[in-house]
Amino acid sequence: MNAVATPDLDTITAEKIVDARGAACPGPLLEAKKGMATVALGSVIELWSTDPITKTDIAAWSAKVGHEFLGAVEADGYDRVFIRRGK
Amino acid sequence: MTSPLSIVLFSGTEDKLHAAATLAAGAAAMGRPVNILLQYWALDAFRTGQIGKGHRLACEAEPGAPADAASLPWVETLRMAKELGEVQIRACAGSLDYLKLDVSELDALVDSAGGIASFFADAGDGSITFI
């Protein structure tokens, strides 16, 4: 379920990019939560992280708090993680 | 209602403060209230002007281990947790007395001084983690 690159993700335009590259856990999670509060319901944020555990953690966070984890794609040395604001 | 994460933070070593801050931040991000009671050496680590400047590690740490290997220092992790979630940090009144400290001498991260009953009242029937 995680880190599956699909054509859909490549076509998504995020409302906001949150660059958490270089941060270790829980940095990317906290940045995602902070960034999510700045976009409207239904909007997508794209989180950049060099921590490989981030995509798994963000999926768990999204399920718990009511956001939609859309997936992640690998970029050049980091992951692009897509989350839609659900609440 | 989600039960709070209740932590008694006793240790003032950087590694244990970091572990506690990470737990608090994770719980806050997941929408869980966090209830922290600072006692003894943790209290000392929150003194204004002193906070975040310690380099001591727990006795079980490997010799030469980095004091803070992660990118975000524990103080900043806690600050973000408080910004993003419901995190209450109390200074144990008994420990303040023992260390001859006043709550006004502590960093603004600390919300108030409090007794043990207030801590347990907030903890409810949830478990308590001692660090």
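Basis of the calculations
- Residues numbered from 1 in each chain as written.
- Chains lettered and ligands numbered in written order.
- Predicted model: local features only at pLDDT ≥ 70, side-chain atom pairs only at ≥ 80, totals over all residues.
- Heavy atoms only, no water.
- Pairing = 2+ DSSP bridges.
- Helix = DSSP H or I, 4+ residues; strand = E, 2+ residues; numbered from the N terminus.
- Axes fitted to C-alpha atoms, helices over the stretch in contact; angles between N-to-C directions.
- Buried < 20%, exposed > 50% of the residue type's maximum accessible area, 1.4 Å probe, protein only.
- Phe/Tyr/Trp six-rings, centres within 6.5 Å; stacked < 30°, edge-to-face > 60°.
- Lys NZ or Arg CZ within 6 Å of the ring centre and 35° of its normal.
- Expected span 1.5 Å × (residues − 1).
- Arc of directions from axis to C-beta.
- Contact = heavy atoms within 4.5 Å.
- 1 Å grid on protein atoms, 1.4 Å probe; cavity = no way out; pocket = protein on both sides within 12 Å on 5 of 7 lines; lining within 4 Å.
- Points joined across faces, edges and corners; volume = space filled by probe spheres on them.
- Nonpolar A, V, L, I, M, F, W, Y, C, P; charged D, E, K, R; others polar.

Draft legend 1. Fine view of the sheet that holds strand S2 (residues 34-38) of chain B. Residues and elements named next belong to chain B. Read across the sheet, 5 strands follow the order S4-S3-S2-S1-S5 without closing on themselves; strand pairing throughout is parallel. Pairing within the sheet leaves two strands with one partner each, and these edge strands are strand S4 (112-114) and strand S5 (128-130). Taking each pair of neighbouring strands and ignoring which way they run, the sheet shows an average axis angle of 30°. Pairing analysis gives 5 bridges linking S2 to strand S3 (residues 87-92), with the strands arranged parallel.

Draft legend 2. Region of interest: the pairing of strand S1 (residues 5-9) of chain B. Residue and element names in this part refer to chain B. Across the 5 residues that make up S1, a large majority, 5, are buried. By the alternation rule, side chains of S1 split into Leu-5, Ile-7 and Leu-9 and Ser-6 and Val-8, which are all buried. In terms of strand pairing, S1 meets S2 through 5 bridges, oriented parallel. Within S2, the residue paired with Val-8 across the bridge is Leu-37.

Draft legend 3. Structural view of unusual backbone geometry. The step from Cys25(A) to Pro26(A) runs through a cis peptide bond, and the omega angle for that step is 10°. Here Pro26(A) shows up in the loop between strand S1 (16-19) and helix H2 (27-36). For Tyr40(B), which is not glycine, the phi dihedral falls at a positive 45°. Here Tyr40(B) shows up in helix H2 (residues 40-45). Classification of Tyr40(B) as partly exposed rests on a relative accessible area of 26%. Non-glycine residue Lys100(B) carries a positive phi angle of around 55°. On the secondary structure map, Lys100(B) appears in the loop between helix H4 (93-99) and S4.

Draft legend 4. Fine view of the sheet that holds S1(A). Residues and elements named next belong to chain A. Read from one edge to the other, the open sheet built from 4 strands follows the order S1-S2-S4-S3, with strand pairing classed as mixed. Edge positions in the sheet fall to S1 and strand S3 (68-74), since each has one partner strand and no second. Across the sheet, the mean angle from the axis of one strand to that of its neighbour is 20°, orientation sign disregarded. Strand direction decides the pairing type here: S1 and strand S2 (residues 44-49), joined by 4 bridges, are parallel. Within the sheet, the bridge partner assigned to Val-18 lies in S2 and is Leu-47.

Draft legend 5. A look at the packing of aromatic side chains. Evaluated as defined, the whole model comprises 8 aromatic pairs over all chains. Here the aromatic residues Phe10(B), Tyr40(B), Trp41(B), Tyr98(B) and Phe130(B) are joined through ring pairs into a cluster of three or more. If you follow Arg21(A) out to its NZ or CZ, it ends over the ring of Tyr78(A), 4.7 Å from the centre.

Draft legend 6. Seen up close, helix H3 (residues 54-65) of chain A. For H3(A), spanning 12 residues, the distance from its first C-alpha to its last is 16 Å, which sits close to the expected 16 Å at 1.5 Å a residue. Of the positions making up H3(A), those classed as buried are Thr54(A), Lys55(A), Ile58(A), Ala59(A), Trp61(A), Ser62(A) and Val65(A). Relative to the axis of H3(A), the buried residues are bounded by an arc of 165° and lie together on one face. Relative to its buried face, H3(A) has exposed residues pointing more than 90 degrees away, namely Ala63(A) and Lys64(A). The inward-facing, buried residues of H3(A) contact H2, S2, S3 and strand S4 (79-84) of chain A together with helix H1 (14-29) of chain B. Positive phi shows up at Gly66(A), right after H3(A), with a value of about 100°.

Draft legend 7. How the structure looks around empty space enclosed by the protein. Taken as a whole, this structure holds 2 cavities of 30 Å³ or more when the rule is applied. There is about 50 Å³ of room inside the largest cavity. Taken together, Cys25(A), Pro26(A), Pro28(A), Leu29(A), Asp51(A), Ile53(A), Thr54(A), Asp57(A) and Ile58(A) form the lining of the largest cavity. Where the lining of the largest cavity is concerned, the elements lending two or more residues are H2 and H3 of chain A. Ranked by residues supplied to the lining of the largest cavity, first place goes to H3(A) with 3 residues. In terms of residue class, the lining of the largest cavity is made up of 6 nonpolar, 1 polar and 2 charged. Of the pockets and cavities examined, the second largest cavity occupies roughly 40 Å³. In this structure, the second largest cavity is lined by Leu9(B), Leu17(B), Ala20(B), Ala21(B), Ile36(B), Leu38(B), Phe46(B), Leu78(B) and Ile89(B).

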